Amino acid sequence: MKKALVCGAGGFIASHLVKRLKKEGYWVRGVDLKRPEFSATAADDFKILDLREEKSCAAALDPAGVPDDARNAGGPGSREPGGGLFDEVYQLAADMGGMGFIHSAECEIMRNSALININMTHAAATHGVKRYFFSSSACVYRDMEAHEAELTEEQAYPALPDNEYGWEKLYAERMAMAYGRRFGMTIRLARFQNTYGPEGTWRGGREKAPAALCRKIAEADDGGTIEVWGAGDAMRAYTYIDDLVDGIVRLMRSDLENGVNIGRQEYVSVDELVKTIAGVAGKKIKMNHVKGPVGVRARNFTNDRIKSTGWESRFSLTEGIARTYPWIREQVEKAKKG
Ligand code: NAD
C-alpha cells in the first residue's frame, strides 16, 4: 500500500486530491491548520499543524499513527535505513486566495508560504521521501497580451511574475529542485491555472473569480445587476477540479521534470464567464464594472507536457459551472437561513 502525506488537506484542491488518492488505494495522512470546511476529510489520519514551523513539518512525517502494514521498509521509525516512511508528499498548503487577497496580503503570502515551503521541502528530503509534488501556479509567468502565442514552461524565464505570489512560487519551485538534486528526491512541479469546483472557498475575501461570481449571481434576482471588478475583458482559462486532480495524479506518476502547466485551454473573458454562470443559473444578469484588482491581461499556455501523460481536460467551462453553481447557490441559501 502506498502512503501519501497531503499538505493543505483542509483546503479546496488538496481535500479533493485526498478523495482521489483514497480511491486509488493509498493510505493518506492530511495536514493543515484546519479540517476541511464543507465535508469530512477522506484521509485515514489528519493532523492539525502549522507547517510554517520546522518541528510541525517533521511531525507531519512522524511514523507514529501509521499502521504497520502501511509502513515502508526503511526510513525513520521503520526497520531498515535508507527509505522514507511516506512514498509521496503532495505539498498544497499555502496562504492563498483570489486576486483581492493576492494584492492585499503580499507580505503574508511571501512570508507564510515561503516558510511552509522552506520547512516542508527540507523535512521531506531529510526524512527520505521518494517523490515530492509541489503546487505552483500560472502566476509564475509574465503578463501577456490577448492572442499572444502560447508560452511554454521554459518561458517562465527570464522571470517576470506579475505579483509576489508568483515570485514565491518560483522560489519554492527552485528550492524543491535543489533539494531533489542534493537528496535524490524526485520532484514534480505543477503550475495550475485558475481552478474551481464544489467545496472551494466561496466568500470571505479569499474566493477566486468563478466562486465570487457564482455567489453574486446566486444572491442576485433574475434581471438584477452584479458588480464585476475591472473592465471585464481580462482573458482567463478556468479548470474544473476533477480535471486538475487527474493532472496531479498523472504528473506524479510521470517522468516529467521541471514545471508542468495543468489547465484547460478554453480562454474566456471575465464578461464571458459571467454570461456562462448566468446561463447555468437561468437568470438575466446585468454587469456593473467597478474598480478592483484584476491581475494579468491575458493567459495562453501550452499544455503539451501534461498531455504527454495522456491527460485531457474533460469538463468544458459550462459543464464545470453546471457542477459548481448549484453547490454555491446551496451555500448562499444556507447562509441566508443563518
Ligand atoms: P486553499 O486555500 O483552499 O488551500 C490551502 C490550504 O493551506 C488551506 O486549507 C490552508 O489552511 C492551508 N494552510 C495555509 N497556511 C498553512 C500553514 N501555515 N500550515 C498548514 N496549512 C496551511 O487553496 P487551494 O485553492 O486548494 O490551493 C492549493 C494549492 O494550489 C496552493 O499552493 C495554491 O497556491 C495552488 N494553486 C491554486 C490555484 C487555484 O485556482 N485554486 C491556482 C494556482 C495554484
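The structure presented is a predicted model; accordingly, all values stated were derived computationally and were not measured. (Residues numbered from 1 in each chain as written. Predicted model: local features only at pLDDT ≥ 70, side-chain atom pairs only at ≥ 80, totals over all residues. Heavy atoms only, no water.)

Re the site of the ligand
- Near the ligand you find 27 residues, and of these Ile13, Asp32, Tyr165, Lys169 and Thr195 are the closest.
- Lys208 places a side-chain nitrogen or oxygen 2.9 Å from an oxygen atom of the ligand.
- For the ligand, whose unbound accessible area comes to 820 Å², protein coverage reaches 93%.
- Secondary structure elements with two or more residues in the shell around the ligand: α1 (12-23), β5 (131-137), α5 (164-183) and β7 (194-196).
- Sorting elements by how many residues they give to the shell around the ligand places β5 first, with three residues.
- Along the lines of polarity and charge, the residues of the shell around the ligand split into 12 nonpolar, nine polar and six charged. (Near = heavy atom within 4 Å. Polar contact = N/O pair within 3.5 Å; in protein donor to acceptor, adjacent residues only side chain to side chain. Areas by Shrake-Rupley, 256 points an atom, 1.4 Å probe, with all protein chains shown as cover. Helix = DSSP H or I, 4+ residues; strand = E, 2+ residues; numbered from the N terminus. Nonpolar A, V, L, I, M, F, W, Y, C, P; charged D, E, K, R; others polar.)

Details of the domain arrangement of the protein
- The assigned domain composition of the protein is domain 1 (3-193 + 240-262) and domain 2 (209-237 + 266-301 + 314-337).
- With centres defined by C-alpha atoms, the gap from domain 1 to domain 2 works out at 28 Å.
- Inspection of the region where domain 1 meets domain 2 yields three salt bridges.
- Arg297 is the partner of Asp143 in a salt bridge, and the nearest nitrogen-oxygen pair spans 3.0 Å.
- Joining domain 1 to domain 2, the criterion identifies nine residue pairs in polar contact (both at pLDDT 80 or more).
- Contributing elements (two or more residues each) for the side of domain 1 that touches domain 2: α3 (99-104) and α7 (241-253).
- Counting residues per element, the side of domain 1 that touches domain 2 draws most heavily on α3, which supplies three residues. (Domains from an automatic or database assignment. Salt bridge = Lys/Arg side-chain N within 4 Å of Asp/Glu carboxyl O.)

Let's talk about the pairing of strand β4 (residues 88-91)
- Neither face of β4 is exposed, since Glu88 and Tyr90 on one face and Val89 and Gln91 on the opposite face are all buried.
- Where strand β1 (residues 3-7) meets β4, four bridges bridge the pair, whose relative direction is parallel. For Ala4, the partnering residue across the bridge sits in β4 and is Glu88.
- Here β4 runs beside β5; their pairing, made up of four bridges, is parallel. (Buried < 20%, exposed > 50% of the residue type's maximum accessible area, 1.4 Å probe, protein only. Pairing = 2+ DSSP bridges.)

Notes on helix α6 (residues 209-219)
- Judged by how many residues are buried, α6 sits mostly within the fold: nine of 11 residues are covered.
- Pro210, Ala211, Ala212, Leu213, Cys214, Arg215, Lys216, Ile217 and Ala218 are the residues of α6 that are buried.
- Residues of α6 that are buried make contact with β7, β8 (225-229), β9 (235-240), α8 (270-281) and α10 (317-337). (Contact = heavy atoms within 4.5 Å.)

Section: α10
- With 21 residues, α10 extends 30 Å from end C-alpha to end C-alpha; this agrees with the ideal 30 Å at 1.5 Å per step.
- When the local axis directions of α10 are compared, the greatest deviation, roughly 25 degrees, occurs at Thr324, which is followed within four positions by the proline Pro326.
- Buried residues in α10 make contact with β7, α6, β9, β11 (267-269) and α8. (Expected span 1.5 Å × (residues − 1). Bend = angle between axes of the 7 residues up to and from the residue.)

Notes on the packing of helix α4 (residues 106-126) against α5
- Where α4 contacts α5, the axes come no closer than 10 Å and their chain directions differ by 10 degrees. Regarding the angle of α4 to α5, the classification is roughly parallel. Of the residues in α5, those touching α4 at Glu106, Ile109, Met110, Ser113, Ala114, Asn117, Ile118, Thr121, His122, Ala125 and Thr126 are Glu164, Tyr165, Trp167, Glu168, Tyr171, Ala172, Met175, Ala176, Tyr179 and Phe183.
- Residues that form the contact of α4 with α5 fall into these classes: 13 nonpolar, five polar and three charged. (Axes fitted to C-alpha atoms, helices over the stretch in contact; angles between N-to-C directions. Parallel < 35°, antiparallel > 145°, perpendicular 65-115°, else oblique.)

Quick look at the side chain of Gln193
- Examined against the element boundaries, Gln193 turns out to sit in the loop between β6 (186-192) and β7.
- For Gln193, a relative accessible area of 8% corresponds to the buried category.
- Separated by 3.3 Å, the side chains of Gln193 and Tyr267 make a polar contact.
- Ignoring anything within four residues of it in the chain, the contact list for Gln193 reads Ala138, Ala237, Thr239, Ile262, Gly263, Tyr267, Arg299 and Phe301.

Re the sheet that holds strand β3 (residues 45-48)
- Taken together, the seven strands give an open sheet; going across it, the order is β3-β2-β1-β4-β5-β6-β10, and neighbouring strands pair in parallel fashion. Either end of the sheet is taken by a strand with one partner, and the two such strands are β3 and β10 (259-262). Sheet twist, expressed as the mean angle between neighbouring strand axes with direction ignored, is 20 degrees.
- Direction of pairing for strand β2 (residues 27-32) relative to β3: parallel, over a ladder of four bridges. Residue pairing across strands places Gly30 opposite Phe46, the latter belonging to β3.

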